[in-house]
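Tertiary structure, described
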Amino acid sequence: MKSIFITVTVLSSVVACMPMVYAKTPAQADKVLRVAFEAPDDGFDMVKTFNYYSGNVADVIFERLVQYDYLADPVKLMPGTAQSLPVIEKNGQVYTFKIKSGIYFTDDPAFKGKRRELVAEDYVYSIKRILDPKNHASSFSFIDNKIVGANALIEQAKKTGNFNYDAKIEGIKALDKYTIQFTLTQPDYNFPYILAYSSFGATAREVVEYYKDRLAMHPVGTGPYMLSKYVPRSKIELVANPDYRGFVWNFKSTGTAWDNQLVKEMSGKQMPQIGKVNISIIEEEQSRWLAFQSKQLDFDKVTSNAIPKVLDHNNQLKPAIKKQGIRLYANKEAEITYSMLNMRDPVVGGKSLDKIALRRAIAMSFNVNEYIRILRKGQAVKAEMLVPAGISGHNPDYRSSIGYNPVLANKLLDHFGYKKGADGYRNLPNGKALTLKINTESGSSSVMYSELWKKNLDAIGIRADFKVSNFADNLKAATQCQYMMWSGAWHADYPEGENFTQLLYGPNVGRGNQSCYQSTAYDNLYKQAMQQPPEKRMPFYEKMSRQIEADNTWILQDTRIRNWLIQPEVQGFKAHPIMNTNWQYLDIASPNQK
């Protein structure tokens, strides 16, 4: 059946769609999933943003050639729009994919009334957008110098000021309508995992050229959902794509009781079942917890302040919560959290010994154990190296050389001329006032975090000035190197240490390298690591971690243990270690929603 033609308009910063009629999709309109984001998105053009929340939405709109198996542990790939996993030649240097025929983009004015099939050239074009220097794609680092002929075209674009989208690239070829082949500069068995990342989803050239600078508000893909309504920084509504081909829920249990229950309740169902996803931006922890308690959210992470009310001393649900039919799913994230210091900032940046001493003192002032106890309520583990547990390249025996030591931090600052004034706060060696300007967000957890930082910095005599903004604006400032200090987190996009170590690689400044860090020693280690197969990279990742400890551009903090609470009506829920969105795999047993 031909899908309904959709019109998307922009009115007063609100994106809305015409009412939908469900066609092929098995999704049921009365099954409405209600979820919350704890920070705002930044639109849905994933070439131009790496906002975590934007990626959650993009993942169900734009389809990749490959995707993750929902239940497999350890993680493994399965076909997405490809007919099968790739044919691999030359020991991992050539990858060939056959795309399924009969996959269509959702109807959009950009297609001028014509039905638009997904073809191999759409992936060629989408990757060229990542290569285009004008887009400053954060995911460019994933493929930099990896695709034969790509970097030559990039250099030409830098000289001329224009990227030639019609030029052929030897390493990205559409061999025919449905066949795409990648030829790499050297073998890389991580490459299929990279292609599973949201930035590598298929985008139609007509849509990009039609919407131009409004593209982020008009995502058009082939996935299970499509954007219906959008109020930036407030609400997002997705509806099931009426022309989506669907799939059968047939994932295999890993043998755990949780997986066994999922298989029992979900196997054989035509997916997706959820007809609408309502996403609210709720930055305040207490508000999210109240929304879950009042059944306005179908699942959410337990907020820090709610942990004592929800979990007992064994980290199990308390009887009063369990009695409501609410279930608990706990998992340790494949992530690290950290504070970043801008290496281009005139106060904290630079490579002189006094600047390194300042950054090291700041790092030694922070009490990570207290942070985990107070802010995380014990639901985290201390991060020791750049590559977290569960990711290839992590060494469980590695220990950071930077520890909590305010006494030594004070001595270090004294030695390098950061003298205290009459008010007890230190000045710069030149006698000017030293103030650490820290970007942060609103919300009770951010306030507590700022208070802890102030307490720690007071102990070494450093003033702190906290600038409260929102996540999206702070992210933009960090990307542009226009800040002094900010804290963030990185969740694995694919299960190999490259995904984390590239965050501090010099050429990635302006993309993922938000510390604006450039170190010849670090960059050389990174390049050497990339010449090795993944199983031989750990020693390089260890040395790169040591280099960061020497330069103190990052202050590693923790890896969170997420405790998900799921309402009794929700079926099929499991948090995946890499994949951030699971809405297309869920069902609602008894929708009784208003």
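Since the structure is predicted, the reported quantities are computational estimates derived from the model, not experimental observations. (Residues numbered from 1 in each chain as written. Predicted model: local features only at pLDDT ≥ 70, side-chain atom pairs only at ≥ 80, totals over all residues. Heavy atoms only, no water.)

Describing helix α14 (residues 444-458)
Its 15 residues place the ends of α14 21 Å apart at the C-alpha level, agreeing with the 21 Å of an ideal helix rising 1.5 Å per residue. Along α14, the positions that sit buried rather than exposed are S446, Y449, S450, L452, W453, N456 and L457. Along the axis of α14, the buried positions cluster into a sector of 160°, meaning they face one direction only. (Helix = DSSP H or I, 4+ residues; strand = E, 2+ residues; numbered from the N terminus. Expected span 1.5 Å × (residues − 1). Buried < 20%, exposed > 50% of the residue type's maximum accessible area, 1.4 Å probe, protein only. Arc of directions from axis to C-beta.)

A few points about unusual backbone geometry
The step from D73 to P74 runs through a cis peptide bond, and the omega angle for that step is 5°. Residue P272 is reached from M271 by a cis peptide bond, and omega for that bond is 0°. Along the chain, the position of P272 falls in the loop between β13 (270-271) and β14 (274-281). A positive phi is found at R233, a non-glycine position, where the angle reads about 65°. Structurally, R233 can be placed in the loop between β10 (225-231) and β11 (235-240).

Points about the state of the cysteines
Taken as a whole and assessed by the stated rule, the structure comprises 1 disulfide. Paired by a disulfide, C481 and C516 hold their sulfur atoms 2.0 Å apart. Measuring the twist about the S-S bond at about -110°, one finds the C481-C516 disulfide to be left-handed. Highlighted residues: C481 in the loop between α15 (471-479) and β21 (485-491) and C516 in the loop between α16 (498-501) and α17 (520-530), separated in sequence by 35 residues. Each member of the pair, C481 as well as C516, carries the same accessibility label: buried. (Disulfide = S-S within 2.5 Å.)

Section: the packing of aromatic side chains
Going through the model one piece at a time under the given rule, you end up with 35 aromatic pairs. Plain terms: the ring middles of F44 and Y230 are 4.9 Å apart, the flat faces sit at 55° to each other, and that makes the pair tilted. Pair noted here: F44 is in the loop between β3 (28-37) and α1 (52-58) and Y230 is in strand β10, with a separation of 186 residues, a long-range link. When sorted by exposure, F44 lands in the same class as Y230, which is buried. Consider the rings of W289 and F292, whose centres lie 6.3 Å apart with planes at 15°: the pair is stacked. Here W289 and its partner F292 are both found in helix α8 (residues 285-293), 3 residues apart, which amounts to about one turn of the helix. These aromatic residues form a ring-pair network of at least three members: F37, Y52, Y53, F471 and W486. Seen from the ring of Y104, R115 lies directly overhead, with NZ or CZ sitting 3.8 Å from the centre. (Phe/Tyr/Trp six-rings, centres within 6.5 Å; stacked < 30°, edge-to-face > 60°. Lys NZ or Arg CZ within 6 Å of the ring centre and 35° of its normal.)

The values are spatial; any link to function lies outside them.
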